[in-house]
Each structure stands twice: as structure tokens, then as C-alpha cells.
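Chain by chain, the residues:
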Amino acid sequence: MSADATDEDVAHVVEKVESVGGEAFVSKGVLRTIIGLVGDIESFHHLNLRTLRGVADVHRISDPYKLVSRQHHAERSTVWVGPVGRRVPIGPDTFTFLAGPCAVESAEQTLEAARMAQSAGATILRGGAYKPRTSPYAFQGLGVRGLEILADVREATGMPVVTEVVDARDVPVVAEHADMLQIGTRNMANFGLLQAAGESGKPVLLKRGMTATIEEWLMAAEYIAQRGNLDVVLCERGIRTFEPSTRNTLDISAVPVVQATSHLPVIVDPSHAAGRKDLVVPLSRAAIGVGADGVIVDVHPEPETALCDGPQALLGTELRDLAQAVRLLPEAVGRVGSGERAEGA
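Residues numbered from 1 in each chain as written. Predicted model: local features only at pLDDT ≥ 70, side-chain atom pairs only at ≥ 80, totals over all residues. Heavy atoms only, no water.

**Student:** Would you mind going over the layout of surface pockets in detail, with residue names and values included?
**Tutor:** Volume-wise, the largest pocket comes out at about 770 Å³. Mapped by element, the contributors of at least two residues to the lining of the largest pocket are strand 2 (33–38) and helix 2 (41–45). Among the elements that line the lining of the largest pocket, the one with the most residues is strand 2, at 6 residues. Put simply, the second largest pocket is a space of about 440 Å³. Around the second largest pocket sit 26 residues that line it, and Pro132, Arg186, Arg247, His272 and Asp309 are the ones nearest its centre. Residue contributions to the lining of the second largest pocket peak at 3 residues, all from strand 7 (residues 161–164). Within the lining of the second largest pocket, the residues separate by chemical class into 6 nonpolar, 10 polar and 10 charged. (1 Å grid on protein atoms, 1.4 Å probe; cavity = no way out; pocket = protein on both sides within 12 Å on 5 of 7 lines; lining within 4 Å. Points joined across faces, edges and corners; volume = space filled by probe spheres on them. Helix = DSSP H or I, 4+ residues; strand = E, 2+ residues; numbered from the N terminus. Nonpolar A, V, L, I, M, F, W, Y, C, P; charged D, E, K, R; others polar.)

Listed below in C-alpha cells is the structure:
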């Protein structure tokens, strides 16, 4: 309440709250009175409390995202990806390495990239069959043919597949071929797509929007969870800032902030954050050190000919350095590699 609020002003607020079934707890200090409300948040919204005489401000204390919040789910969750017998965990006890080509270009390129990723320690294959691009003239992906290639490579390598879905109408066909659906930064606020993914029966990898706050990101996850799917993994992939020296600015602090707020696993995408292969390894080390549940990176057998994001794709020395980091560093922060806990391992 404002400093000049009267007892009548306080009593009026209490009366309004109780009229919709809520409880009001009045705490009076030397200079200011605070009224704590307990009850249905939605019913309080209709009271227009900020317009009442004597009210200085209204602050929400409880999380607006109920299903993904730790307020109602204290223990952090583990999401399992892949078919029974070959599932890979992403969660608080393991560190999971996801890697593969940014875009599926051909069967040969995808299989070679998958072999590279697997030899470096990756246990989940990423690859884009549908590619939402800034330019309509850029490579948009192979579509269903790309999904079929990913499914074939999964059979050849045994690695579960995560791939992006960009349209709610494509969710059934993507879910038919993939083990995990990815929703990219440009679609984080595509609520119809979020709901369709929530109904797919498959785990979902939800990337943070490039201009999204953490609360907006978690509210997007709530859309998926509300449809009965709590198998959601969050991915910090950098946010757009004023700094032009990198493609995006990796918000590494988002990892512990989200883990303190939500029970969902959080991984980091250093490839799309930096847009430069020379930064992928140091950013991956930072992700491990800050407590991320995994990293997802781009690899390509011939980055110079890649149809999508070649400058950030790893090969050779950088990939070997990353392999060493994901093999040695997780143990220092109390993690084991996901391959050691995968079913059948």
C-alpha cells in the first residue's frame, strides 16, 4: 500500500480479496503496509487491484508456470530419449552430448557427420530436415526425405534422433521418424505448434527465443506441459544483444537461474550462440562448468561446402578438443556421461 493509505483503504482491499474467495494477510510496518494474498490468481486479476485507492503496487510471488515450476515439483527431472532399450537420459545426474549436422543435405553427409559425432562421444544425433531460415531463398531442408535419412542413420548408428519441427501440421510425420521434436528459437512463441508438440507423445527440445525472457521461455514450456507432456528439455542458445562480435550472446547465467526455478533439464547450444567454430569448445566448457545438463553442437564432414551454418560446424582439432572436454570435465562437477547410463550400455 502507499505510505498515505488509510485503514479504510486497507479494509477495502481485504474486502475485495475475500469477495472472490481469497485470503488477505495484513502486515503493518513503520512506514508501509503490505497485504499478502492467498488464493486463485486468476480471480485476483479481475479485481483490478492497482486501481484501488491506497494501492501503490502489486507483485506476483508465485510462478505463473505451474507444471514446469519447482514450487510443485521439487526434484529436477530426467528426460529419456529414444526407443526402449536404447534410451538416453538428459537430466541432473548425467551430462549428455548431442551432435550432428545443422541440416540434412544427403544420406552420405548425414551418416558421416553422425559417425564423427558418435566417435567424439555424442549419444544423440541432431539434424535438421526442416530449416526455418531468415532468407526465403536459403536452403529450407529436405523435408520428409530428410526425416527418412535421419531414420536410416539412426538404424545404422543406434543414436536417437532429435530434429526440428516448424509447423503444427508436420508434427505427426516428424514424430513418426524422430525420437525427440525440436522447437527452434523462431517458433518458441508459436503456441499452436507448442500445443501440437505437447500432444505428440515424444520428448520436446525447446530452444529459447532470441529476445525471450526466462519467464517467457518457461511459459512456452508450460504450453507443452499443459497438453500432458512433461518430457521437455530447455535449450539456451544465445540471445540477441547489442554485441556484434558473435552471432548471439550466450546467456550462461540462464542455466543455474532456470534450474533453480524449473525442474526441467537445461542444455546449451554453443554453436548457434557463437556462430563461430573457434568459440564452440570454450563455450561448451563453460556450459559444463555452470552445470548444464548437456550441449548440442554442429558437426559437418565438409564445413566449407555446408548448405547451412558451415562457419560454426566442428571438424578435426576442434571436434577432438570438444570430445576431450565432454569426456573429462563433467566428472569434475559430479556428472557422468549419458552413454554410461544409457539403456543397454
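**Student:** I'd like a description of the packing of aromatic side chains, backed by residues and values.
**Tutor:** Tallied over the full model, the rule gives 1 aromatic pair. Residues Phe191 and Tyr223 carry aromatic rings whose centres are separated by 4.5 Å and whose planes lie at 25 degrees to one another, so their mutual orientation is stacked. With Phe191 in helix 6 (residues 191–198) and Tyr223 in helix 7 (residues 214–226), the pair connects residues that are 32 residues apart, well separated along the chain. The partly exposed category is assigned to Tyr223, whose relative accessible area is 27%. (Phe/Tyr/Trp six-rings, centres within 6.5 Å; stacked < 30°, edge-to-face > 60°. Buried < 20%, exposed > 50% of the residue type's maximum accessible area, 1.4 Å probe, protein only.)

**Student:** Before we move on, could you go through the pairing of strand 1 (residues 23–28) and cite the residues and values that matter?
**Tutor:** In terms of strand pairing, strand 1 meets strand 2 through 6 bridges, oriented antiparallel. Considered in strand 2, the bridge of Phe25 is made with Gly36. The antiparallel pairing of strand 1 with strand 2 creates a hairpin that spans 4 residues between the two strands. (Pairing = 2+ DSSP bridges.)

**Student:** I'd love a proper account of the nonpolar core, names of residues and values included.
**Tutor:** The nonpolar side chains of a soluble globular protein tend to be buried, and buried together. The biggest cluster of nonpolar side chains holds 66 residues, and the ones touching the most others in it are Phe97, Ile183, Leu206, Trp217, Leu234 and Val299. By residue number, the principal contributor to this core is helix 7, which donates 7 residues. Among residues more than four places away in sequence, those in contact with Trp217 are Met188, Leu206, Lys207, Arg208, Leu234, Cys235, Glu236, Ala254, Val258 and Val266. In terms of nonpolar packing, the next biggest core, distinct from the first, is built from 14 residues, Val79, Ile124, Val162 and Ile267 among them. (Core = buried A, V, L, I, M, F, W, Y, C linked by side-chain atoms within 4.5 Å. Contact = heavy atoms within 4.5 Å.)

**Student:** Pulling in residues and values, what's your account of empty space enclosed by the protein?
**Tutor:** By the definition in use, this model includes 1 cavity of 30 Å³ or more. The volume enclosed by the largest cavity comes to roughly 30 Å³. Lining the largest cavity, in full, are Pro101, Cys102, Ala103, Glu105, Gln109, Val299, His300, Cys308, Asp309 and Ala313. Classifying every residue of the lining of the largest cavity by side-chain character gives 6 nonpolar, 2 polar and 2 charged.

**Student:** How would you sum up helix 1 (residues 7–19)? Please name residues and give values.
**Tutor:** Each turn of an α-helix holds 3.6 residues, which means side chains three or four residues apart point in the same direction. Over its 13 residues, helix 1 runs 18 Å from end to end, which matches the ideal 18 Å to within 8%, given 1.5 Å per residue. Residues of helix 1 that are buried sit in contact with strand 1, strand 2 and helix 2. Following helix 1 by one or two positions, Gly21 has its phi on the positive side, about 90 degrees. (Expected span 1.5 Å × (residues − 1).)

**Student:** Which residues make up the packing of helix 6 against helix 7, and what are the values?
**Tutor:** Here helix 6 crosses helix 7 at 45 degrees, and the two axes come no closer than 7 Å. With respect to each other, helix 6 and helix 7 are oriented oblique. Where helix 6 crosses over helix 7, the handedness of that crossing is right-handed. Across the interface between the two elements, Phe191, Leu194, Gln195 and Gly198 of helix 6 pack against Ala220, Tyr223 and Ile224 of helix 7. (Axes fitted to C-alpha atoms, helices over the stretch in contact; angles between N-to-C directions. Parallel < 35°, antiparallel > 145°, perpendicular 65-115°, else oblique. Left-handed = near helix turned anticlockwise from the far one by under 90°.)

Worth remembering: the numbers are spatial, not functional.
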